[in-house]
Amino acid sequence: MNSNKFSVSDSELDPAKLPAHVAIIMDGNGRWAKKRLFNRIIGHEKGVETVRTIIRACHDTGIPNLTLYAFSTENWQRPKYEVNALMILLSKFLKNDRQEMKDKSIRFNAIGQLDRLPKKVRHDIEQTKSFTRDGDAMQLNLALSYGGRSEIVDMVKAISKKVLDGQLDPETISDSLVSQHLYTARLPDPDLLIRTSGEMRISNFLLWQIAYSEIYITDTLWPDFKRDEFIYILKQFEGRNRRFGKVAET
Ligand code: FPP
């Protein structure tokens, strides 16, 4: 008997029921480190390993879009040494992993207020984007300096400008027009939102886009989150009855 409580193999997944877009709030690096009396930065370093594991798992299972919440607009308020360490980890990740992304045909993208990031990180983002731009197996989106409310404010500004310029009739503003003016313009809304480390909140992530996302919250801390649990969550997602506000089909 397999004692692993998450024992679902990739082959047990129904390809027709895979989410087209998985979004993840990666939480718990600090607690993982604290439990071991380590510096929080060690927790973030372990967190990068989980980032790799989950990108590979998405690629292997054929999930076409993955969005990871790596740094929020609120995270700028963390101690300077922690912000710096996260920026260094980010640059290292982009430089180390872009070849693997390209080999796997993964297109890299970043969403958020990217102009607030250090010049070096912006450069590494641009390099990684152009290096992987032909990837058509999967799109990886890192949400960086990202806030759902700021994204909505930016969308309102962009739409208002078009109205003032006479390019847009306010009567034609629709759900889909709003979606097209968000950072995620060319992405489908997430079908599945995962949050690690047990907190029951959204933390300003993809506020518009998660209207009908299935939510899965696990107590596992991000550095302990492994491929087997991710596959298990995909299996749970298969069994969800998504009604989008309608009644169930009989
Ligand atoms: C939450 O843990 C995590 C973050 C604020 C950052 C996520 C960053 C990584 C996984 C590593 C860097 C990412 C890339 C893509 C290179 P927390 O510090 O809030 O944990 P806590 O709530 O337990 O304190």
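Look up: the structure comes first, before these words.
What this report covers is the structure whose coordinates are included nearby. (Residues numbered from 1 in each chain as written. Predicted model: local features only at pLDDT ≥ 70, side-chain atom pairs only at ≥ 80, totals over all residues. Heavy atoms only, no water.)

## Considering the nonpolar core
Core analysis: the biggest nonpolar cluster contains 45 residues, and Ile-24, Ile-55, Leu-66, Leu-68, Leu-140, Leu-144 and Phe-230 have the highest contact counts within it. Among the elements that make up this core, the one with the highest residue count is helix 3 (residues 80-103) (eight residues). Filtering out sequence-adjacent residues up to four positions away, Ile-24 remains in contact with Ile-54, Leu-66, Thr-67, Leu-68, Tyr-69, Ile-194, Phe-205, Trp-222 and Phe-230. Of all hydrophobic cores here, the second largest spans 10 residues; its members include Ala-23, Tyr-69, Ile-111 and Tyr-146. (Core = buried A, V, L, I, M, F, W, Y, C linked by side-chain atoms within 4.5 Å. Buried < 20%, exposed > 50% of the residue type's maximum accessible area, 1.4 Å probe, protein only. Helix = DSSP H or I, 4+ residues; strand = E, 2+ residues; numbered from the N terminus. Contact = heavy atoms within 4.5 Å.)

## Some thoughts on empty space enclosed by the protein
To find the voids left in a structure, one rolls a probe of water-molecule size over its atoms. Under the counting rule described, the total for this entry stands at one cavity of 30 Å³ or more. Empty space within the largest cavity amounts to approximately 80 Å³. If you trace the largest cavity, you find it lined by Arg-52, Ile-55, Arg-56, Phe-93, Asp-97, Glu-100, Met-101, Lys-104 and Ile-106. The set of elements that each furnish at least two residues to the lining of the largest cavity consists of helix 2 (40-61) and helix 3. For the lining of the largest cavity, the leading source of residues is helix 3, giving four residues. When the residues that make up the lining of the largest cavity are grouped by side-chain class, the tally is four nonpolar, no polar and five charged. (1 Å grid on protein atoms, 1.4 Å probe; cavity = no way out; pocket = protein on both sides within 12 Å on 5 of 7 lines; lining within 4 Å. Points joined across faces, edges and corners; volume = space filled by probe spheres on them. Nonpolar A, V, L, I, M, F, W, Y, C, P; charged D, E, K, R; others polar.)

## Some words on unusual backbone geometry
Backbone phi values are negative for most residues with the exception of glycine, while trans is the configuration of most peptide bonds. A positive phi angle, near 50°, is found at Ser-145, a position not held by glycine. Relative to the elements of secondary structure, Ser-145 occurs in strand 4 (residues 138-146). With a phi angle near 65°, Asn-204 is a residue other than glycine that sits in the positive phi range. Along the polypeptide, Asn-204 turns up in the loop between strand 5 (192-195) and strand 6 (214-217).

## Remarks on the packing of helix 2 against helix 7 (residues 227-238)
Between helix 2 and helix 7, the least distance of the axes is 10 Å, while the angle of their chain directions is 45°. The angle between the axes of helix 2 and helix 7 places the two elements in the oblique class. Classified by chirality, the crossing of helix 7 by helix 2 is right-handed. Here Thr-53, Ile-54, Arg-56, Ala-57, Cys-58, Asp-60 and Thr-61 of helix 2 come into contact with helix 7, specifically with Arg-227, Phe-230, Ile-231 and Leu-234. For the contact of helix 2 with helix 7, the per-class residue count stands at six nonpolar, two polar and three charged. (Axes fitted to C-alpha atoms, helices over the stretch in contact; angles between N-to-C directions. Parallel < 35°, antiparallel > 145°, perpendicular 65-115°, else oblique. Left-handed = near helix turned anticlockwise from the far one by under 90°.)

## Brief notes about the site of the ligand
Within the structure, the ligand sits among 18 residues, and Asp-27, Gly-30, Arg-31, Arg-40 and Arg-78 are positioned closest to it. Residue Gly-28 places a main-chain N or O atom 3.3 Å away from an oxygen atom belonging to the ligand. Within the side chain of Arg-40, an N or O atom sits 2.8 Å from an oxygen atom of the ligand. Out of a free accessible area of 620 Å², the ligand has 92% covered by protein chains. Of all the cavities here, the one that holds the ligand is the largest pocket. Elements with a minimum of two residues in the shell around the ligand: helix 1 (29-35), helix 2 and helix 3. Broken down by element, the shell around the ligand gets its largest block of residues, four residues, from helix 2. Here the shell around the ligand is built from residues that sort into eight nonpolar, six polar and four charged. (Near = heavy atom within 4 Å. Polar contact = N/O pair within 3.5 Å; in protein donor to acceptor, adjacent residues only side chain to side chain. Areas by Shrake-Rupley, 256 points an atom, 1.4 Å probe, with all protein chains shown as cover. Sits in = over half its atoms within 2 Å of the grid points.)

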